[in-house]
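Here's the letter readout for the chains.
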2 protein chains.
Amino acid sequence: MPQEFTLIDQYFLPLSKGLLPNELGIGDDGAVMTPPDNHQLVVVTDTLVAGVHFPLDTAPADIAWKAVAVNLSDLAAMGAKPGFISLALTLPENEQAWLNGFAKGLTDICHHYQVPLIGGDTTKGPLTITVTAHGWVERGGALYRSGAQVGDIIAVSGVIGDAGLGLKFALNTLTKSQQACLNSEDIQFCLDALNRPNPQLGLGRLLQSHATSAIDISDGLLADFTHILEQSIKHLERQGLTLGAEIYLESLPLSPAMQKWIQHTNEWTLPLSAGDDYQLCFTVRPEHWINLHKLAKAQGFKITQVGRITGQAGVVVKANADSEDVITNLLTSGYQHF
Amino acid sequence: MPQEFTLIDQYFLPLSKGLLPNELGIGDDGAVMTPPDNHQLVVVTDTLVAGVHFPLDTAPADIAWKAVAVNLSDLAAMGAKPGFISLALTLPENEQAWLNGFAKGLTDICHHYQVPLIGGDTTKGPLTITVTAHGWVERGGALYRSGAQVGDIIAVSGVIGDAGLGLKFALNTLTKSQQACLNSEDIQFCLDALNRPNPQLGLGRLLQSHATSAIDISDGLLADFTHILEQSIKHLERQGLTLGAEIYLESLPLSPAMQKWIQHTNEWTLPLSAGDDYQLCFTVRPEHWINLHKLAKAQGFKITQVGRITGQAGVVVKANADSEDVITNLLTSGYQHF
């Protein structure tokens, strides 16, 4: 990109601050960072493609926020402390207003979560943003998808489904009567959930010492929870054991907007299967739940039990824990993350 | 991408081998890697966009090789040992033959340089490949662009300019008489230089303890060397000093193909300014040159003096070290890398 010089100096160099004296950010062939003692490095990468991962008219500041947030969310799900990010930005043209907006969103999130931008690449081409985020976790202390056990409580953070509803609004696919059931505050809440997700880094650190498994909800609760099940089963198969789960509809944590939506439409697809919430889904030994819940509350994190791990294959959705009736019974899919 | 599961299992999972027992590659929210004691992490990112960084009809195996090679080359320029890579692959469609070829090139280079692929992302969109490579360097031992001093010898590895000639051939922009000056072996040599660059990782490790500065030649000798000058000057400006350089045309290391090309065209643009060679350009204290040259030769690396750092601003190109006549005098540009 011909004006890479100005672009980097003006927009990105200011984000390469706060490094240690013997570290190096933007400006050489690569960045040089010092690992904290007795820690392991956690590396995550996610790409957002215009028109695929966000509507084409998304505000550039929101695109930047989200490109970083989805990666920090992966760090949160591993229980890692955020370290730093690199950015590969492919841009069709060097448009000042767009770049100003993008840089604003990038600055907002880098400052908010105190992650410096240590390098990257800017190239000319169709709008594509790849962020690689790096975090640190105590040696041997990473939180995986694979530790769920029979009897574990399944829980989620925050409220879920709102980003999916925000996307319906952004894409203008709501009917008039559907829109009428939501007020402007609801709509803004859902759009914020879609465009400005808050990676649960603080909660992830707490879960790192309390949960048996965790994942972030990027593809929807059921799809992502299935990864926990699949990975956890792999560790049990040799012993001839399997795992399944019960999910309780009436326990799902819903925002006022989502409550109105479900009352109006009478369907639960959004909290069960919509993606982009970037809350955490995790499992906890039942004897640790009360203590974890107390600690989370004290630190300002809302966590809610939504189900329980069983020894029977498949995911059963029930109205609540006491219900005998099964609403739907899902086989675990072959879905897998990179 | 809907078939992400198969794609990853089939093509990428086999490359996530050779990790330590407490490390994790592909399959969770992120990878978990253990830093070697007393080392710093070096992180580099480069994106290749179809039609911008390689001709659209480039073989997929060559695209994969190059996407990794250009990143390993940045690690080489920092004097780092290669560690591992992550890959963000944006693909217009899930085409089996293309993916087989891409996976073959990826496997070739990952095996050749023993760098596992530890994760990444696959998305649907215009063909774009972003690789983030991670390496390790002894604490405080990274090789930067910024250490050149007056009197240093300027040197390059291998031969230069061939990738630029290969690109002319690949794009079919050579005249008949230009083509006629090259035989098929020359042409293959230049195409290999373009499509299968060999990152100078071994030499980079040697330079780490012998050179005062280094950079890899991605944009052309003069452009890249200018970065060394600019970064090194920054460290001297406070003392009221500046730096410049003499480059000797007749010293430039040229392949048989490039020698014929220059004889035929009588112009030196390719070795001076063509990019994509991924050789190293570096500076060495004159008193260390003979020893370094001996060590490099013993390890099978060709290094050649091509100039000298002076105390006068600007880059002067001369026929040779003894010539009084200046062929061209360049001011250092404002060009900068991310």
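Residues numbered from 1 in each chain as written. Chains lettered and ligands numbered in written order. Predicted model: local features only at pLDDT ≥ 70, side-chain atom pairs only at ≥ 80, totals over all residues.

## Looking at unusual backbone geometry
Okay, step 1: Although it is not a glycine, Tyr278 of chain A sits at a positive phi angle of roughly 55°.
Okay, step 2: One can find Tyr278 of chain A in the loop between α10 (269-273) and β9 (280-284).
Okay, step 3: A positive phi angle, close to 60°, is found at Asn38 of chain B, a residue other than glycine.
Okay, step 4: You can see Asn38 of chain B is positioned in the loop between β1 (31-33) and β2 (39-49). (Helix = DSSP H or I, 4+ residues; strand = E, 2+ residues; numbered from the N terminus.)

## Quick word on the relation of the copies chain B and chain A
Okay, step 1: You can overlay chain B on chain A at an RMSD of 0.0 Å; the transform is a turn of 180° with a shift of 0.0 Å along its axis. Overall, the copies show the geometry of a two-fold rotation axis. (Least-squares fit on C-alpha atoms with pLDDT ≥ 70 in both.)

## What to know about the domain arrangement of chain A
Residues and elements named next belong to chain A.
Okay, step 1: The assigned domain composition of chain A is domain 1 (4-138) and domain 2 (153-330).
Okay, step 2: The distance between the C-alpha centroids of domain 1 and domain 2 comes to 27 Å.
Okay, step 3: Taken together, the contact between domain 1 and domain 2 spans 18 residues of the former and 19 residues of the latter.
Okay, step 4: Taken together, the elements giving at least two residues each to the side of domain 1 that touches domain 2 come down to α2 (60-77) and β3 (81-91).
Okay, step 5: Looking at side-chain class alone, the side of domain 1 that touches domain 2 contains 11 nonpolar, 3 polar and 4 charged residues. (Domains from an automatic or database assignment. Contact = placed C-beta atoms within 7 Å. Nonpolar A, V, L, I, M, F, W, Y, C, P; charged D, E, K, R; others polar.)

## Some words on the sheet that holds strand β4 (residues 117-124) of chain B
Okay, step 1: Read from one edge to the other, the open sheet built from 5 strands follows the order β1(A)-β2(B)-β5(B)-β3(B)-β4(B), with strand pairing classed as mixed. Edge positions in the sheet fall to β1 (31-33) of chain A together with β4 of chain B, since each has one partner strand and no second. Each strand axis lies, on average, 20° off the axis of its neighbour in the sheet, ignoring direction. (Pairing = 2+ DSSP bridges. Axes fitted to C-alpha atoms, helices over the stretch in contact; angles between N-to-C directions.)

## A look at helix α3 (residues 96-112) of chain B
Residues and elements named next belong to chain B.
Okay, step 1: Taking 1.5 Å of rise per residue, 17 residues should cover 24 Å, and α3 covers 24 Å from first to last C-alpha, within 8% of that figure.
Okay, step 2: Looking at α3, one finds that the buried residues are Leu99, Phe102, Gly105, Leu106, Ile109 and Cys110. The buried residues of α3 all sit within an arc of 130° when viewed along its axis, so they share a single face. In this structure, α3 carries Gln96, Ala97 and His111 as exposed residues pointing more than 90 degrees from its buried face. (Expected span 1.5 Å × (residues − 1). Buried ≥ 20, exposed ≤ 12 C-beta atoms within 10 Å, placed from the backbone. Arc of directions from axis to C-beta.)

## Quick word on the pairing of strand β2 (residues 39-49) of chain A
Okay, step 1: Among the 11 residues that make up β2 of chain A, 9 are buried, leaving the element largely enclosed by the rest of the structure.
Okay, step 2: Relative to strand β5 (residues 128-138) of chain A, β2 of chain A runs antiparallel, the two sharing 11 bridges. Considered in β5 of chain A, the bridge of Val42 of chain A is made with Gly135 of chain A.
Okay, step 3: Of the strand pairs in this sheet, β2 of chain A and β1 of chain B are connected by 3 bridges, and their pairing is antiparallel. Across the sheet, Val43 of chain A pairs through a bridge with Ala31 of chain B, a residue of β1 of chain B.

## Remarks on the interface of chain B and chain A
Okay, step 1: Each partner contributes residues to the interface: chain B has 55 residues there, and chain A has 55 residues.
Okay, step 2: Going through the elements one at a time, α1 (4-12), β1, β2, α2 (60-77), β3 (81-91), β4, β5 (128-138) and β7 (213-216) of chain B are the ones with two or more residues in the side of chain B that touches chain A.
Okay, step 3: When residues of the side of chain B that touches chain A are assigned to their parent elements, the largest contribution, 9 residues, is made by β2 of chain B.
Okay, step 4: Across the side of chain B that touches chain A, the residue classes break down as 26 nonpolar, 19 polar and 10 charged.

## Regarding the pairing of strand β6 (residues 153-157) of chain A
All names here are of chain A.
Okay, step 1: Extensive coverage of β6 is indicated by the burial of 5 of its 5 residues.
Okay, step 2: In β6, alternate side chains face the same way, and those of Ile153, Ala155 and Ser157 on one face and Ile154 and Val156 on the other are all buried.
Okay, step 3: As defined by bridge partners, β6 adjoins β9 across 4 bridges and the pair is classed as antiparallel. Counted as the bridge partner of Val156 is Cys281 from β9.
Okay, step 4: As defined by bridge partners, β6 adjoins strand β10 (residues 303-310) across 5 bridges and the pair is classed as antiparallel. If you follow Ser157 over to β10, its bridge partner there is Ile303.

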